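Listed below are the residues making up each chain.
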Amino acid sequence: MTAPKKLAAGNWKMNGSQEALSEVDQLSSAYPAPGCGIVICPPATLIPALSERARGTAIKVGAQDCHAEVSGAHTGDISAKMLAEAGADFVILGHSERRGDHGETDDQVRAKLMAAVDAGLTVIICVGETLEQRDGGSTLDVVRGQLSGSIPDGLTAANLVVAYEPVWAIGTGKVPTTEQIAEVHDLIRSEMTRRFADGAAMTLLYGGSVKAANAEEIFAVANVDGALVGGASLRADDFTGIIRALEAS
Ligand SMILES: O=C[C@H](O)COP(=O)(O)O
């Protein structure tokens, strides 16, 4: 699975039900041949039904986490191979809600990432600072540390997408200035270019309170190739506004 350069990824988090699957029908009829990639990451229970529904459309399906092992005694966990078998092409890893709620470390995220790539998934890896870290002036150091700690060597633009998600902007309606987004995206681009032969071609997403109303401004920022969208991905009407802005960018 090759990551499209422009990508709108919807993270449903722990939301959605069988009824929500019709969002795929709305998106695929609105975008039979979209000018960007579209990925929906529902809760794991909905992956098989959603991927069945998305078959033959431009919409891809992703998961929100995976275990680092292929199988074994890990009650409640799901391996990357299982997610791929269920129909996922992508997996989000290292989201701040996983790092916060489950205490995931960079080392654990890195192990999951290697397992996901082995299973043929494209990884959307999340990095971003807390408000305390931003106020303390350590944003770039924090992001640099997460990138080096969470991302192993040997990856390509085909299997790695990086999402910058300032923790304080997630679900809060607060959005960094375009200068703040640009500063971090420039850092991520230069780190990816330094480490990977095709780092210049890697897809870099911004995430945190992206809405149709602010998408155009965010997509105009250098090195922003799309968005990882939470709340506004839950309704096709809201998500299509963001996709439209990305297509036009
Ligand atoms: O994964 C998505 C992000 O956490 C952003 O969520 P949000 O768009 O609801 O702020």
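Residues numbered from 1 in each chain as written. Predicted model: local features only at pLDDT ≥ 70, side-chain atom pairs only at ≥ 80, totals over all residues.

Student: I would appreciate a short explanation of the sheet that holds strand β1 (residues 7–11) in the present structure.
Tutor: Hydrogen bonding along the main chain pairs the strands of a sheet, whether they run parallel or antiparallel. If you trace the 8 strands once around the closed barrel, you get β1-β2-β3-β4-β5-β6-β7-β8, paired in parallel fashion. Put simply, the sheet's adjacent strands are angled 25° from each other on average, direction ignored. Here strand β3 (residues 59–63) pairs with strand β4 (residues 90–93) via 2 bridges, running parallel. Across the sheet, residue G62 finds its bridge partner in β4, namely F90. Relative to the sheet, helix α5 (residues 106–118) contacts β4 and β5 (122–127), its axis offset from that of β4 by approximately 175°. (Pairing = 2+ DSSP bridges. Helix = DSSP H or I, 4+ residues; strand = E, 2+ residues; numbered from the N terminus. Axes fitted to C-alpha atoms, helices over the stretch in contact; angles between N-to-C directions. Contact = placed C-beta atoms within 7 Å.)

Student: Looking at this model, I keep getting lost on helix α7 (residues 139–150). Mind explaining?
Tutor: Helical geometry note: an α-helix holds 3.6 residues per turn, so side chains three or four residues apart project in the same direction. The terminal C-alpha atoms of α7 lie 16 Å apart, and with 12 residues this matches the ideal 16 Å at 1.5 Å per residue to within 8%. When we look at burial in α7, the residues that qualify are T139, V143, Q146 and S150. All buried residues of α7 fall inside an arc of 60° around its axis, so they share one side. Residues of α7 that are buried sit in contact with α5, β5, α6 (131–135) and α8 (178–195). (Expected span 1.5 Å × (residues − 1). Buried ≥ 20, exposed ≤ 12 C-beta atoms within 10 Å, placed from the backbone. Arc of directions from axis to C-beta.)

Student: How should the packing of α7 against α8 be read in this particular structure?
Tutor: Packed helix pairs are specified by the crossing angle of their axes together with the interaxial distance, meaning the distance between the axes. Two elements in contact, α7 and α8, have axes whose closest approach is 10 Å; the angle formed by their N-to-C orientations is 35°. In the packing of α7 onto α8, the handedness of the crossing is right-handed. Residues T139, L140, V143, R144 and L147 of α7 touch α8, and the partners they reach there are V184, L187, I188 and E191. Looking at the contact of α7 with α8 residue by residue, the classes come out as 6 nonpolar, 1 polar and 2 charged. (Left-handed = near helix turned anticlockwise from the far one by under 90°. Nonpolar A, V, L, I, M, F, W, Y, C, P; charged D, E, K, R; others polar.)

Student: How should the UniProt feature "binding site: substrate" (unreviewed entry) in the protein be read in this particular structure?
Tutor: Following the UniProt record, one finds the feature "binding site: substrate" (unreviewed entry) at N11, W12, K13, G171, S209, G230 and G231. Across 221 residues of sequence, these annotated residues stay compact in space, with a maximum C-alpha separation of 13.9 Å. Structurally, the position occupied by K13 is in the loop between β1 and α1 (22–30). Residue classification places K13 among the partly exposed positions, given that 19 C-beta atoms sit within 10 Å. (UniProt positions renumbered as here; feature names shortened; annotations may be inferred.)

Student: What am I meant to see in the pairing of strand β2 (residues 37–41) here?
Tutor: For a regular strand, side chains alternate in direction, first toward one face of the sheet and then toward the other. Counting buried positions over the 5 residues of β2 gives 5, a clear majority of the element. In this region the chain leaves β1, passes through α1 and returns to the parallel neighbour β2; the handedness of that crossover is right-handed. Pairing of β2 with β3 involves 3 bridges; the strand directions are parallel. When the bridges of β3 are listed, V39 appears paired with K60. The β-α-β motif built from β2, the intervening helix α2 (residues 47–54) and the parallel element β3 has right-handed crossover chirality. (Right-handed = clockwise from strand over helix to strand, strands pointing away.)

Student: What should I look at first to understand the nonpolar core in this one?
Tutor: Proteins that are soluble and globular tend to have nonpolar side chains buried together. Membership of the largest hydrophobic core comes to 70 residues, with the highest contact counts inside it found for V91, V123, I124, I125 and I242. When residues no more than four places from it in sequence are discounted, the contact partners of V123 are V91, L93, L113, A116, V117, N159, L160 and V161. (Core = buried A, V, L, I, M, F, W, Y, C linked by C-beta atoms within 7 Å.)

Student: Hey, could you run me through the environment of T45 in this one?
Tutor: One can find T45 in the loop between β2 and α2. Judged by local crowding, T45 falls into the exposed class, with 12 C-beta atoms found within 10 Å. Along the backbone, T45 and Q18 are 27 residues apart, and their C-alpha atoms lie at a distance of 9.5 Å.

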